[in-house]
Amino acid sequence: MPSKAEKEAKGQSGFVPVAARWVIERSNAWVERCKSLVKNFDRTLARANAKLKLCFIRLMLKRLAAS
């Protein structure tokens, strides 16, 4: 997050979004749309990781089909 001095040097004030954080927040929003991931009942980390990958694969396939 930029400091107050860095914001003043760039002539900015208030909220300045950080590029890396924006990518993560957007990805989290996409994941929340997957119904199977809304509540995490998986017993193993491997299964949860597999569901996460499937969610992103489905998202990519939908975007490829639309174009």
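Let me sum up the structure you'll find in this document. Here the structure is a predicted model, which means the values were calculated and not measured. (Residues numbered from 1 in each chain as written. Predicted model: local features only at pLDDT ≥ 70, side-chain atom pairs only at ≥ 80, totals over all residues. Heavy atoms only, no water.)

**Here's the deal with the overall build of the protein chain**
Inclusion rule: Secondary structure elements follow DSSP: runs of H or I of four or more residues count as helices, runs of E of two or more count as strands, with numbering from the N terminus. Residue exposure (1.4 Å probe, protein chains only): buried if accessible area is under 20% of the type maximum, exposed if over 50%, otherwise partly exposed. Values of accessible area rely on a 1.4 Å probe in the Shrake-Rupley scheme; residue burial ignores everything except the protein chains shown.
Within the protein chain one finds 3 helices and 0 strands. Scanning the protein chain from its N terminus toward the C terminus, one meets helices and strands in the order α-α-α. Residues classed as buried in the protein chain amount to 15% of the 67 residues present. Surface summary for the protein chain: the accessible area is close to 6,200 Å², and the carbon and sulfur share equals 61%.

**Some points on the state of the cysteines**
To keep things clear, this is the line we draw: Criterion for a disulfide: a pair of cysteine sulfur atoms at a distance within 2.5 Å.
Here the structure, examined in full by the defined rule, presents 1 disulfide. Here C34 engages in a disulfide with C55; their sulfurs sit 1.9 Å apart. The S-S bond linking C34 to C55 shows a torsion near 80°; that makes this disulfide right-handed. You can see C34 sitting in the loop between α2 (19–32) and α3 (45–66) and its partner C55 sitting in helix α3, a full 21 residues away along the chain.

**Comments concerning α3**
Going by this rule: To estimate the expected span of a helix, count its residues, drop one, and scale the result by 1.5 Å. Note: the arc covers the axis-to-C-beta directions of the helix. Any two residues having at least one pair of non-hydrogen atoms within 4.5 Å are treated as being in contact.
For α3, spanning 22 residues, the distance from its first C-alpha to its last is 32 Å, which sits close to the expected 32 Å at 1.5 Å a residue. All of the buried residues in α3 are A48, C55 and L59. Buried residues in α3, looked at end-on, bunch into an arc of 35°, giving them a common side. Opposite the packed face of α3, turned more than 90 degrees from it, sit the exposed residues A46, R47, K53, L54, M60, L61, L64 and A65. Where α3 is buried, its residues contact α2.

**Comments concerning α2**
Residues spaced three or four apart along an α-helix point in a common direction, a consequence of the helix completing one turn every 3.6 residues. With 14 residues, α2 should cover 20 Å at 1.5 Å per step; its first-to-last C-alpha distance of 20 Å lies within 8% of that length. Among the residues of α2, S27, W30 and V31 are the ones counted as buried. Seen from one end, α2 has its buried residues packed into an arc of 100°, which puts them on one side. Opposite the buried face of α2, by more than 90 degrees, sit the exposed residues R21, W22 and E32.

**Some remarks on a positive patch on the surface**
Counted only if it meets this: Only residues whose relative accessible area exceeds 30% and that form no salt bridge are eligible for patches; like-charged ones are grouped when within 9 Å, while nonpolar side chains (Val, Leu, Ile, Met, Phe, Trp, Tyr) are grouped when within 5 Å. Salt bridges are counted wherever a side-chain nitrogen of Lys or Arg sits within 4 Å of a carboxyl oxygen of Asp or Glu. Here the positive residues are Lys and Arg and the negative ones are Asp and Glu; neither His nor the chain ends is included. Just so you know, the charge point we use is NZ for Lys, CZ for Arg, CG for Asp and CD for Glu.
On the surface, R26, R33, R58, K62 and R63 cluster together to form a positively charged patch. It is α3 that provides the largest number of residues to the positive patch, a total of 3 residues. Structurally, R63 can be placed in helix α3.

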